[in-house]
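Residue-level structure breakdown
In case you want the letters, here they are:
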Amino acid sequence: MEKLVIEGGVPLRGELKISGAKNAALPLIAATLLAPGTHVLYNVPNLRDTRTLLKLMEELGCSYEYNGSLLKVDTTIINHSEASYELVKTMRASVLVLGPLLARTGAAKVSLPGGCAIGARPIDFHIKGFEHLGAVCKLESGYVEASISDRLVGNTVYFDIPSVTATENLLMAATLAKGITVIKNAAREPEIGNLIDMLISMGAEIEGKDSDTITVHGVRHLHAAENRIIPDRIETGTYLIAIGATGGEATINNCCPAHLPALLEKLREAGFTILEDKHSLHIRSPRSAEGKLHVMHTNITTRPYPGYPTDLQAQFMALMAISDGASIINETIFENRFMHVAELCRMGADIKVDGKTAFVSGKGDTGLLGAPVMATDLRASSSLVIAGLAASGKTCISRIYHLERGYENLVEKLTGLGARVWKER
Ligand code: UD1
């Protein structure tokens, strides 16, 4: 199995380009199922997760061409409506095909994702949403089967918690429903805005982009269209933190700073200088009078967008592990999302967890020491990469297939910034 080896202690410098957002590419690819024809998507990241979804699209009967970041998906034929356990177990977001398949073909069968490393993550909101639109849903042998006798019918759906993929799934289904659907307490992540723009370009009628109430006026048919995936805000945030944790200075291009309000605020609180343009960011690290990296301690609490993203919690913890004092990290979105703590502690970090709260005593000048560690989930893995880049000595990260789910060309991008990092068998 491949490992990632990092020789830390090199301040990252230079420029890098951000890829398209994984969490936007997945719903946008799923949305192509809503209308027959050839859909064109630009800026699609080549990741394990996007490839998994394309494999699933093929199983449903669709075909595609994928060159560089340009993806053409032909959804003229759908001759299968099942997402198997084999695929769903490797990527929970496969559940995103449920809404579009149901709306277009009248039936869909998707394996239940089950538990995952960061918690139980049920799909009850998705199911409740489809039932409100008139679908009959049953759970059998580990699968959810949804069907409609005629057409979905618009209704008002309220989510207890703003769920990203449940909002997306319901939104897609509602575009072809009869009448008006109102989604209340909808999630407001920028990836949902990207999906709404795509659905509108396909002929859907939707109001309430970027708000927690989305209204969909159902239409009879949608058509294929061309769309562009937004820049990956989590990848952007991960590199910003990595550059900061090594005491570096760099420019990040092809990104959208407006999608990272909470992280930019927190990095500024921690002493970093950040210059923003519409599509680029420049970060400079704070230094003490002796010229050493001096990161101020600061607290974070994860929240739905525009709050601090849970997908950047682990990375920020790695930064706080080398800060000048004590910080508190509250994880309110997922239970069990502190799997990286034990691994960071192996590198010398001083972190204690009590329920949903982690107490980090920053090591300041002492810093972290490289060690063999194990990646447990996608974002936890990137926090280990950050810790390895910031630490002195060698860090060896095993199970890096997690990283490949969400970071395009990670080694190349880091090497381009001067990092000493490579893969080894
Ligand atoms: C999406 C993102 C993921 C991110 C998460 C939170 C994609 C492909 N993935 O995941 O990277 O970490 O948002 O920003 O976009 N919940 C329920 N029942 C449901 C659905 C969700 O109880 O049916 C709960 C979850 O357990 C969690 C909360 O709602 O506590 C939010 O989760 P949700 O927004 O649904 O996460 P995902 O859409 O799976």
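Look up a bit, the structure's there.
All values reported here derive from a predicted model rather than from experimental measurement. (Residues numbered from 1 in each chain as written. Predicted model: local features only at pLDDT ≥ 70, side-chain atom pairs only at ≥ 80, totals over all residues. Heavy atoms only, no water.)

A look at the site of the ligand
The local shell around the ligand holds 18 residues, among which Asp124, Ser163, Thr165, Asp311 and Ile333 are the closest. A distance of 2.6 Å separates a nitrogen atom of the ligand from a polar atom in the side chain of Asp124. Thr165 is positioned such that a nitrogen or oxygen atom in its side chain is 2.5 Å from an oxygen atom of the ligand. At the level of elements, helix H5 (124–132) and helix H6 (164–175) are the ones that each hand at least two residues to the shell around the ligand. The residue inventory of the shell around the ligand, partitioned by class, reads 8 nonpolar, 5 polar and 5 charged. (Near = heavy atom within 4 Å. Polar contact = N/O pair within 3.5 Å; in protein donor to acceptor, adjacent residues only side chain to side chain. Helix = DSSP H or I, 4+ residues; strand = E, 2+ residues; numbered from the N terminus. Nonpolar A, V, L, I, M, F, W, Y, C, P; charged D, E, K, R; others polar.)

What to know about the side chain of Thr236
Mapping Thr236 onto the fold places it in helix H8 (residues 233–245). Dropping the residues within four chain positions of it, Thr236 is found in contact with Ile18, Ile252, Cys255, Leu260 and Leu281. (Contact = heavy atoms within 4.5 Å.)

So, helix H1 (residues 22–31)
Burial within H1 is extensive, with 9 of its 10 residues counted as buried. Within H1 the residues assigned to the buried category are Lys22, Ala24, Ala25, Leu26, Pro27, Leu28, Ile29, Ala30 and Ala31. (Buried < 20%, exposed > 50% of the residue type's maximum accessible area, 1.4 Å probe, protein only.)

Considerations on the packing of H8 against helix H9 (residues 261–269)
Where H8 contacts H9, the two axes come as close as 11 Å, and the packing angle between them is 10°. Considering their axes alone, H8 and H9 lie roughly parallel with respect to each other. Residues Gly237, Leu240 and Ile241 of H8 form the contact with H9, whose participating residues are Leu263, Leu264 and Leu267. Here the residues of the contact of H8 with H9 are counted per class, giving 5 nonpolar, 1 polar and no charged. (Axes fitted to C-alpha atoms, helices over the stretch in contact; angles between N-to-C directions. Parallel < 35°, antiparallel > 145°, perpendicular 65-115°, else oblique.)

What about empty space enclosed by the protein?
Applying the stated rule across the entire model yields 2 cavities of 30 Å³ or more. In this structure, the largest cavity occupies an estimated 60 Å³ of space. Taken together, Thr238, Tyr239, Ala242, Ser382, Val385, Ile386, Leu389, Tyr407, Leu410 and Leu414 make up the lining of the largest cavity. Within the residue set of the lining of the largest cavity, elements represented by two or more residues are H8, helix H12 (378–390) and helix H14 (410–416). Take the lining of the largest cavity: its biggest share by element is 4 residues, from H12. Residues belonging to the lining of the largest cavity are distributed by class as follows: 8 nonpolar, 2 polar and no charged. For the lining of the second largest cavity, the class distribution of residues is 3 nonpolar, 3 polar and 4 charged. (1 Å grid on protein atoms, 1.4 Å probe; cavity = no way out; pocket = protein on both sides within 12 Å on 5 of 7 lines; lining within 4 Å. Points joined across faces, edges and corners; volume = space filled by probe spheres on them.)

Looking at the nonpolar core
Core analysis: the biggest nonpolar cluster contains 75 residues, and Leu34, Val97, Leu152, Leu171, Leu199 and Ile214 have the highest contact counts within it. Of the residues forming this core, the biggest block, 7 residues, is contributed by H1. For Leu34, the residues in contact, after removing those within four places along its chain, are Pro100, Ala103, Arg104, Met172, Thr175, Leu176, Leu199, Met202 and Leu222. Counting residues in hydrophobic clusters, the runner-up holds 66 residues, among them Ile6, Phe272, Leu312 and Tyr407. (Core = buried A, V, L, I, M, F, W, Y, C linked by side-chain atoms within 4.5 Å.)

What to know about unusual backbone geometry
At the junction of Tyr305 and Pro306, the peptide bond is cis and its omega measures out at 10° in the coordinates. A positive phi is found at Asn254, a non-glycine position, where the angle reads about 55°. Tracing the backbone through its elements, the reader meets Asn254 in the loop between strand E15 (249–253) and H9. Although it is not a glycine, Asn336 sits at a positive phi angle of roughly 65°. The topology assignment puts Asn336 in the loop between strand E19 (326–330) and helix H11 (339–346). For Asn336, a relative accessible area of 46% puts it in the partly exposed group.

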